[in-house]
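Structural overview
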Amino acid sequence: MSELLTQYFERYAEEAITKMKAALIAVDYYERIRVRLARKEDLSGELAIIAKVGPAGTMAVVKEAIADYKAQVSGAWELNQRLQDIGKHKVSLIVNEREHLPRADVSYQFKSKAGTVKVHITTAGETFRLEINAGKNPMAAQMACIELEKQLTFIALTG
């Protein structure tokens, strides 16, 4: 299959996993602070914001941060908007309490006159498997991949 498509979607998966990890670490951190604030522990020595807004204000900030970082976990797999506009994109996150990272099942489908390119990414922890399928006809598959590569190049050039 196309080396450019493989590199693009491998980089996409690696970046999404990195974003999920960072967001989950932040969620864990703020959850621990929330629990400590709920127990009425004095955290003013650790968190300078408490002196400014008080424990109640800090709790509101912590809850908002938790919600934001949880949204970042699910948003880590968002594709470029242009790719979403020209294809079909679906993301499913499966959370298992015994695993640190949710498992992602990501599919992207791009249709062109030459054919359809299907991209499927599945993750387990920090590893992922990438499958790119453009059909059984080698000529049509190559043309469909070239069409998607053109779109990726256009997206890269328009920034």
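Residues numbered from 1 in each chain as written. Predicted model: local features only at pLDDT ≥ 70, side-chain atom pairs only at ≥ 80, totals over all residues. Heavy atoms only, no water.

Turning to the overall build of the protein, a few remarks are in order. A count of helical and extended segments in the protein gives four helices and four strands. Taken from the N to the C terminus, the helices and strands of the protein come in the order α-α-α-β-β-β-β-α. Relative to the compact-globule value of 15 Å for 159 residues, the protein shows a C-alpha radius of gyration of 21 Å, a clear excess of over 25%. Projected onto its principal axes, the C-alpha positions of the protein cover 70 × 35 × 20 Å. Taken over 159 residues, the protein has a buried fraction of 32%. (Helix = DSSP H or I, 4+ residues; strand = E, 2+ residues; numbered from the N terminus. Rg over C-alpha atoms; globule rule 2.2 N^0.38 Å. Buried < 20%, exposed > 50% of the residue type's maximum accessible area, 1.4 Å probe, protein only.)

This brings us to a nonpolar patch on the surface. There is a patch of nonpolar side chains on the surface, built from Ile 49, Val 53 and Val 61 and spanning about 220 Å² of accessible area. Locating Val 53 in the fold gives a position in helix H2 (residues 49-75). (Patch = residues over 30% accessible without salt bridge, like charges linked within 9 Å, V, L, I, M, F, W, Y side chains within 5 Å. Areas by Shrake-Rupley, 256 points an atom, 1.4 Å probe, with all protein chains shown as cover. Salt bridge = Lys/Arg side-chain N within 4 Å of Asp/Glu carboxyl O.)

On the surface, Glu 3, Glu 10, Glu 14 and Glu 15 cluster together to form a negatively charged patch. With respect to the helices, strands and loops of the structure, Glu 14 is situated in helix H1 (residues 3-38). (Lys, Arg positive; Asp, Glu negative; His and termini not counted. Charge placed at Lys NZ, Arg CZ, Asp CG, Glu CD.)

Across the sheet, four strands lie side by side as S1-S2-S3-S4; this open sheet has antiparallel pairing. Because the sheet does not close on itself, it has two edges, and the strands there are strand S1 (87-94) and strand S4 (127-133). Ignoring which end each strand starts from, the neighbouring axes of this sheet average 10° apart. Inspection of the sheet shows strand S3 (residues 116-124) paired to S4 by seven bridges, in the antiparallel sense. Residue pairing in the sheet places His 120 in a bridge with Glu 131 of S4. Sheet strands touched by H1: S1, strand S2 (103-111), S3 and S4. Its angle to S4, the strand with the most contacts, is close to 150°. (Pairing = 2+ DSSP bridges. Axes fitted to C-alpha atoms, helices over the stretch in contact; angles between N-to-C directions. Contact = heavy atoms within 4.5 Å.)

Backbone geometry places Lys 40, a non-glycine residue, at a positive phi of 65°. Residue position: Lys 40 is located in the loop between H1 and H2.

With that settled, the discussion passes to the packing of H1 against H2. Closest axis-to-axis distance for the H1/H2 pair is 9 Å, and the angle between their directions is 150°. Remark: the crossing between H1 and H2 carries left-handed chirality. Touching Met 20, Ala 23, Leu 24, Ala 26, Val 27, Tyr 30, Glu 31, Ile 33, Arg 34, Leu 37 and Ala 38 of H1 are Ile 50, Thr 58, Met 59, Val 62, Lys 63, Ala 65, Ile 66, Tyr 69, Lys 70, Gln 72 and Val 73, all from H2. Per-class residue counts for the contact of H1 with H2 are 16 nonpolar, two polar and four charged. (Left-handed = near helix turned anticlockwise from the far one by under 90°. Nonpolar A, V, L, I, M, F, W, Y, C, P; charged D, E, K, R; others polar.)

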